[in-house]
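# Coordinate analysis (summary)
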Amino acid sequence: MAVTAVVRFPFPDVKTEEELIASFESSSALYRDVPGLLRKYYLMSEDRRSGGGVYIFETRADAERVHDEVWRNRLVERMGVEPDVQYFDSPVIVDNEARAATTA
């Protein structure tokens, strides 16, 4: 069954949309070709004070392998805050681009 991880954290400083996008783009290479990671969506709040990511993984084990201590330490070093990570089973996923729904 697919697993969705929702990661949230406050940004230490208010940044512009352009600064946040540049930061997201600079870290995006870390998530390319990661085994078990199907998609990652970067998030930023309207007021640019918080954000995070939504990750779709093949399994919970894949999610936990990516969100390990090294990942957490890198995020704390880069952003200066501890992330809040929640995992959800995703038994049905609707993909309107593919015009399909997948089930566990």
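The preceding data block contains the structure.
Residue numbers restart at each chain and count upward from 1, following the sequence in its written direction. Given that this is a predicted model, residues contribute local features only at a pLDDT of at least 70 and side-chain atom pairs are listed and counted only at 80 or more, while totals for whole chains, interfaces and linings are drawn from all residues. As a convention, hydrogens and water are excluded, and side-chain values are obtained from all of the structure's heavy atoms.

## So, the sheet that holds strand β4 (residues 84-90)
- Read across the open sheet, the four strands follow the order β2-β3-β1-β4; overall the sheet is antiparallel. Each having just a single partner strand, β2 (37-44) and β4 make up the two edges of the open sheet. Across the sheet, the axes of successive neighbouring strands diverge by a mean angle of 15°, strand direction being ignored.
- Two strands pair under a simple rule: DSSP has to find at least two bridges between them. The numbering of helices and of strands both runs from the N terminus, where a helix is a DSSP run of H or I of at least 4 residues and a strand a run of E of at least 2. Sheet analysis places strand β1 (residues 2-10) next to strand β3 (residues 50-57), joined by eight bridges and oriented antiparallel. For Phe 9, the partnering residue across the bridge sits in β3 and is Gly 51.
- For this analysis, residues touch if any pair of their heavy atoms sits within 4.5 Å. Lines fitted to C-alpha atoms define the axes, with helix axes restricted to the stretch in contact, and inter-axis angles between N-to-C directions lie between 0 and 180 degrees. Each of β1, β3 and β4 touches helix α3 (residues 69-79); the most contacted strand, β1, lies at about 25° to it.

None of this, on its own, says anything about what the molecule does.
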